[in-house]
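# Topology and contacts: notes
One letter stands for each residue in the lines below.
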Amino acid sequence: MDMNSFSPMMPTSPLSMINQIKFEDDPDLKDLFITVDEPESHVTTIETFITYRIITKTSRGEFDSSEFEVRRRYQDFLWLKGKLEEAHPTLIIPPLPEKFIVKGMVERFNDDFIETRRKALHKFLNRIADHPTLTFNEDFKVFLTAQAWELSSHKKQGPGLLSRMGQTVRAVASSMRGVKNRPEEFMEMNNFIEIFSQKINLIDKISQRIYKEEREYLDEMKEYGPIYILWSASEEDLVDTLKDVASCIDKCCKATEKRISGLSEALLPVVHEYVLYSEMLMGVMKRRDQIQAELDSKVEALTYKKADTDLLTEEIGKLEDKVECANNALKADWERWKQNMQNDIKSAFTDMAEENIHYYEQCLATWESLLMSQTDLHLEEASEEKP
Amino acid sequence: MEQAPLDPERQLQPAPLEPLGRTVSGLEAAVGEEAEGARHAGSGVDTMTENNFWLKKIEISVSEAEKRTGRNTMNMQETYTAYLIETRSVEHTDGQSVLTDSLWRRYSEFELLRNYLLVYYPHIVVPPLPEKRAEFVWHKLSADNMDPDFVERRRIGLENFLLRIASHPILCRDKIFYLFLTQEGNWKETVNETTFQLKADSRLKALNATFRVKNPDKRFTELKHYSDELQSVISHLLRVRARVADRLYGVYKVHGNYGRVFSEWSAIEKEMGDGLQSAGHHMDVYASSIDDILEDEEHYADQLKEYLFYAEALRAVCRKHELMQYDLEMAAQDLASKKQQCEELATGTVRTFSLKGMTTKLFGQETPEQREARIKVLEEQINEGEQQLKSKNLEGREFVKNAWADIERFKEQKNRDLKEALISYAVMQISMCKKGIQVWTNAKECFSKM
């Protein structure tokens with residue numbers, strides 16, 4: 001079996017894929033390491049864009065070297081994603097971060113945006129690397145290793161834009177038919193995807209809102225503490241207590257900052273990636289339906305004897321294989337995806353809970369120490385009063 | 001029906017042997033004569049009421065609030081809240097309390113009581129009333145006076161007001177206060193009969209004095225400055241605290257949304273379902289916990305508000321001092337100028353400008369008899385003036401002494417109360433943190449089981 005590229009003509013049994021899953025997902029046996037960093041701004045007369053440095057380290061034989069360093073821009077990632085979808089229409093390709101975020105963006109290239117995008121791109125490439133099939137994709141290899149000019153010339157090969165557009169039109173037309181004949185298990189899958197998509201979108205919104213509210217809470221708290229200090233200036237007998245309260249509030253502010261950054265680093269990116277995944281999944285379902293529709297239309301044609309029956313029968317045979325491959329690929333990848341999703345969601349929320357526990361523990365400690373110092377003082381004063 | 005916890009400091013002290021400030025100003029003496037049997041003027045240990053009411057320990061509580069409708073002075077329908085005031089006396093022997101009086105009062109009657117006390121005890125820092133209208137509200141808190149939470153907090157504030165008066169060594173012995181607690185009908189008329197409104201210093205006079213006084217006691221100037229600072233810093237604090245509360249409310253409540261979505265999501269998940277569902281429940285618990293937390297914090301805000309309003313009471317005492325001092329300075333000035341005039345007439349020299357001097361210059365000298373007559377009048381006036389100045393001086397010094405004693409008492413009270421409030425704030429924060437740890441620990445367990 002040619003492992004370097006997956007073509008629909010080459011049937012792969014689910015069993016062999018499962019074996020691959022075990023092999024690829026074992027961290028000790030990982031042999032492809034990718035990092036995305038160092039965003040750099042490039043200015044030309046026509047446009048301004050950002051490139052990211054991609055470092056690949058590998059021990060695989062099919063790579064010419066063991067280390068590669070290239071620079072890629074977002075467009076290049078889009079190209080890669082397109083190629084992967086083309087080659088593996090019913091595999092769950094990892095999602096790319098959005099092209100642009102319209103809401104609340106002042107400039108296209110502010111630091112937070114770039115950093116968020118960088119992290120997402122890093123995730124994207126690593127997910128491909130961890131995927132049992134996609135990791136061996138030829139375009140993926142080119143993406144990681146080719147110099148800029150090599151990549152450009154490689155991009156020019158392959159089906160042109162027009163033919164790709166033609167495919168899309170046909171896809172829309174036939175996908176409706178594919179839905180009608182969808183097998184039971186894929187109906188279930190589709191149902192799951194629809195509901196999951198709804199819920200994960202809501203969770204994304206809720207999480208973003210929590211981030212916003214916590215930021216605003218922090219801003220107010222920062223103003224709150226200093227007022228106690230101001231007050232202490234006019235109260236001789238309450239100076240210590242007031243200053244202590246101010247310092248507690250200040251410490252709680254710091255704890256809040258940590259809580260907020262934990263949220264934005266751990267929870268928000270994970271939830272958002274799954275929002276994009278849910279869109280991706282709907283696309284995968286459509287493509288599967290489309291492949292099935294192709295078969296169904298040919299079968300229909302045969303029933304009504306619309307064209308040469310021998311030719312049709314041969315085509316139907318090929319399409320039946322194609323459909324079976326597509327369905328098997330999706331089924332296997334679906335199980336893998338669900339497992340990953342469960343783990344990712346579980347650890348993201350567990351981390352968030354942990355962050356919150358830590359936050360409250362810190363605040364508790366600071367207020368408790370104030371209370372102790374005040375009661376100590378009180379006992380001191382009481383004992384001083386007894387001559 | 002809630003009662004304030006039995007705080008020994010808040011209960012009535014037996015009357016001290018030499019009550020302070022009983023003969024502060026002629027005002028009090030005058031009032032004593034006018035109000036029929038209401039108060040004893042003069043000094044001495046007093047049980048100004050018929051029996052040894054104050055020598056027993058008593059408990060006062062504002063135990064209920066009720067919405068009422070009635071007709072006001074313009075015969076229009078109005079809705080107001082009435083508060084039930086219950087007074088109990090505690091027997092020494094067995095500590096049991098017996099209900100001795102119970103009556104209903106509305107906020108305006110409390111105001112009347114306070115205004116009366118302000119006029120008759122200008123040297124006392126009179127405890128303030130809880131706010132008339134809700135201020136420093138944050139989003140969830142209602143600004144409506146009829147809102148049950150507001151009414152409840154006001155009930156507590158009014159009870160606090162009465163307890164403050166009852167525990168004040170001087171104010172507790174006031175007859176009008178006693179009647180406020182015991183005589184439901186006719187109390188308003190009794191207060192008005194004292195004609196205290198007539199005796200109140202006009203605001204204009206007070207303002208004038210503030211600007212023109214030359215030598216006020218330095219301590220009062222400092223006190224005024226302090227009360228301005230206190231008012232400004234507490235207002236600022238309350239405003240920002242309200243905003244913080246608002247934000248905190250938002251953070252907690254948004255987490256509640258997780259509960260609903262997790263529950264819906266759990267329906268499609270086989271392995272994750274249970275964990276999601278139970279985690280969602282904890283998110284709901286977290287979201288609803290903020291209501292109690294912030295209610296407790298309102299209590300803290302109310303404690304601060306009382307001292308915000310006390311700042312005004314401090315300023316009132318300062319104003320009275322300025323007024324008396326100005327009065328004194330004017331009297332002294334007047335006396336000095338009369339003496340001068342007298343001297344000039346006697347010696348025949350005109351050193352200062354006077355209308356009489358001018359007219360004599362223009363229209364000719366007056367006769368020696370006329371001059372003698374004028375000197376005599378002036379001498380009488382000077383005598384009177386000197387007497388008045390003496391008594392004004394004495395009054396002024398007495399006022400300063402007594403006011404300062406009460407201010408010292410107030411300072412101690414303020415330090416105790418504010419310290420307690422700050423500590424209770426810390427206790428609230430601790431409780432909030434503990435709840436948070438509990439909820440998130442539970443949630444974490446659910447998440448890790450997914």
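Being a predicted model, the structure only gives us computed values, none of them experimental. (Residues numbered from 1 in each chain as written. Chains lettered and ligands numbered in written order. Predicted model: local features only at pLDDT ≥ 70, side-chain atom pairs only at ≥ 80, totals over all residues. Heavy atoms only, no water.)

Below, the discussion takes up the packing of aromatic side chains. Applying the stated criterion to the full structure yields 34 aromatic pairs over all chains. Both rings, one in Phe196(A) and one in Trp265(B), keep their centres 5.7 Å apart while their planes meet at 65°; by these two values the pair is edge-to-face. In this pair, Phe196(A) is assigned in helix H7 (residues 184–232) and Trp265(B) in helix H8 (residues 218–266), connecting two distinct chains. Note on Phe349(A) and Phe262(B): the rings are 5.2 Å apart at their centroids and 85° apart in plane angle, and the pair reads as edge-to-face. (Phe/Tyr/Trp six-rings, centres within 6.5 Å; stacked < 30°, edge-to-face > 60°. Helix = DSSP H or I, 4+ residues; strand = E, 2+ residues; numbered from the N terminus.)

Turning our eyes to something else, we now look at unusual backbone geometry. Residue and element names in this part refer to chain B. Its identity is not glycine, yet Asn-75 carries a phi of approximately 60°, on the positive side. For Asn-186, which is not a glycine, the phi torsion comes out positive at approximately 75°. Structurally, the position occupied by Asn-186 is in the loop between helix H4 (175–182) and helix H5 (187–193).

Here the focus is the interface of chain A and chain B. Many authors give the size of an interface as the accessible area that is lost as the parts come together. Counting residues at the interface gives 54 residues for chain A and 53 residues for chain B. Note on chain A versus chain B: buried area summed over both sides is about 5,400 Å², and carbon and sulfur give 73% of it. Applying the counting rule to chain A against chain B returns seven salt bridges. Among the salt bridges present, the one from Glu235(A) reaches Lys414(B), with a minimum N-O distance of 2.4 Å. Taken together, the connections running from chain A to chain B amount to 16 residue pairs in polar contact (both at pLDDT 80 or more). Mapped by element, the contributors of at least two residues to the side of chain A that touches chain B are H7, helix H8 (239–303) and helix H9 (309–385) of chain A. In the side of chain A that touches chain B, the residues fall into 32 nonpolar, seven polar and 15 charged. (Contact = heavy atoms within 4.5 Å. Buried area = accessible area lost by both parts, 1.4 Å probe. Salt bridge = Lys/Arg side-chain N within 4 Å of Asp/Glu carboxyl O. Polar contact = N/O pair within 3.5 Å; in protein donor to acceptor, adjacent residues only side chain to side chain. Nonpolar A, V, L, I, M, F, W, Y, C, P; charged D, E, K, R; others polar.)

Residues and elements named next belong to chain A. The strand order across the open sheet built from three strands is E1-E2-E3, with neighbouring strands paired in antiparallel fashion. Of all the strands in the sheet, just strand E1 (32–43) and strand E3 (67–73) have a single pairing partner and so form its edges. Across the sheet, the axes of successive neighbouring strands diverge by a mean angle of 20°, strand direction being ignored. For E1 and strand E2 (residues 48–58), the ladder comprises ten bridges, and the chain directions are antiparallel. In the sheet register, Asp-37 faces E2, and the bridge partner there is Arg-53. The sheet strands contacting helix H2 (residues 74–87) are E2 and E3, and the helix crosses E3 at an angle near 105°. (Pairing = 2+ DSSP bridges. Axes fitted to C-alpha atoms, helices over the stretch in contact; angles between N-to-C directions.)

This brings us to the pairing of strand E2 (residues 77–90) of chain B. Residue and element names in this part refer to chain B. Counting buried residues along E2, eleven of its 14 residues qualify, which places the element largely inside the surrounding structure. As paired strands, E2 and strand E3 (residues 97–106) are joined by nine bridges and run antiparallel to one another. By the bridge assignment for E3, Val-90 is matched with Ser-97. (Buried < 20%, exposed > 50% of the residue type's maximum accessible area, 1.4 Å probe, protein only.)

It is worth spelling out the nonpolar core at this point. Among the nonpolar cores identified, the biggest contains 152 residues, and Tyr228(A) and Trp265(B) are the most heavily contacted of them. With residues up to four places along the chain from it excluded, the contact list for Tyr228(A) reads Leu242(A), Val245(A), Ala246(A), Ile249(A), Leu237(B), Tyr300(B), Leu422(B) and Tyr425(B). In this structure, Tyr83(B), Ile85(B), Leu103(B) and Tyr107(B) belong to the second largest nonpolar core, which totals 36 residues. (Core = buried A, V, L, I, M, F, W, Y, C linked by side-chain atoms within 4.5 Å.)

Residue and element names in this part refer to chain A. Most of E2 is tucked away, with nine of its eleven residues classed as buried. What sits between E1 and E2 in their antiparallel hairpin is a turn of four residues. Where E2 and E3 come together, seven bridges link them in antiparallel fashion. Its bridge partner being in E3, Thr-51 is matched across the sheet by Arg-73.

Another point: the confidence of the model for chain A. All names here are of chain A. Residue-level pLDDT values for chain A average 84, and 82% of them are 70 or greater. The secondary-structure element of chain A with the lowest mean pLDDT is helix H1 (residues 14–25), recorded at 46, while H7 shows the highest, at 95. Residue range residues 1–12 is modelled with pLDDT below 50. Its contacts to residues more than four positions away, or to other chains, number 17 contacts. Low pLDDT, under 50, characterises residues 14–24; the stretch is placed with 16 contacts to residues that sit more than four places away or in other chains. (pLDDT = per-residue confidence, 0-100.)

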